[in-house]
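Working through the structure, step by step
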Amino acid sequence: MRLLIVDDEIEFARYVATVAEGLGFETEIFDHAHAFQEACRTKNPDAVLVDMVMPDMDGIELVTWLSQRGATAHLMVATGYNPKYAEMAEILGAQSTFSSITKLQKPIRAVELREVLTRFLDSDSNGNAS
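Please read these numbers as outputs of a predicted model, since none were measured by experiment.

**Focus: the nonpolar core**
Of all hydrophobic cores here, the largest spans 20 residues; its most connected members are Phe 36, Val 50, Leu 62 and Leu 66. Every element with two or more residues in this core is listed here: β1 (2–6), α2 (33–43), β3 (47–51), α3 (59–68) and β4 (74–79). The next biggest cluster of nonpolar side chains, apart from the first, holds 19 residues, and it includes Leu 3, Ala 78, Leu 104 and Val 116.

**Notes on the sheet that holds β4**
Sheet architecture is open: 5 strands sit in the order β2-β1-β3-β4-β5, paired in parallel fashion. Of all the strands in the sheet, the pair left with one neighbour each is β2 (26–30) and β5 (100–105). Mean inter-strand twist for the sheet, computed between neighbouring axes without regard to direction, equals 15°. With 4 bridges connecting them, β1 and β3 associate as parallel partners. Directly across from Val 6, in β3, lies its bridge partner Val 50. Where helix α1 (residues 10–22) meets the sheet, it contacts β1, β2, β3 and β4, and its direction lies at approximately 175° from that of β2. Together, β1, β3 and β4 form the strand contacts of α3, whose direction differs from that of β3 by roughly 150°.

About the criteria used
- Residues numbered from 1 in each chain as written.
- Predicted model: local features only at pLDDT ≥ 70, side-chain atom pairs only at ≥ 80, totals over all residues.
- Heavy atoms only, no water.
- Core = buried A, V, L, I, M, F, W, Y, C linked by side-chain atoms within 4.5 Å.
- Buried < 20%, exposed > 50% of the residue type's maximum accessible area, 1.4 Å probe, protein only.
- Helix = DSSP H or I, 4+ residues; strand = E, 2+ residues; numbered from the N terminus.
- Pairing = 2+ DSSP bridges.
- Axes fitted to C-alpha atoms, helices over the stretch in contact; angles between N-to-C directions.
- Contact = heavy atoms within 4.5 Å.

See below:
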């Protein structure tokens, strides 16, 4: 399962990648939204993690962009700021074709992250994901 991570906090993105790779995910990290968008165009991810607050494009814009493209990936939205950011993205995503939407509040414990990622793997093995 392919996971694309976009977060300007590169240490957090590496942390997520390490946990995901331990579960068998293939991961790729981006610290800018435009590079993430380019990868989404060509790599068709099974799951994405989108940071809500970034300097070049915020997570709301990215969730909207993914939704307009008909993305079927599992969506994780993460923020270390006001949880309302993630709630807004969740509302936007609810009317889309995403396989699932999960809000993450930074910092996130590894056990919680593993639970979310394992649900994605279980869903995919049951034929419920993209």
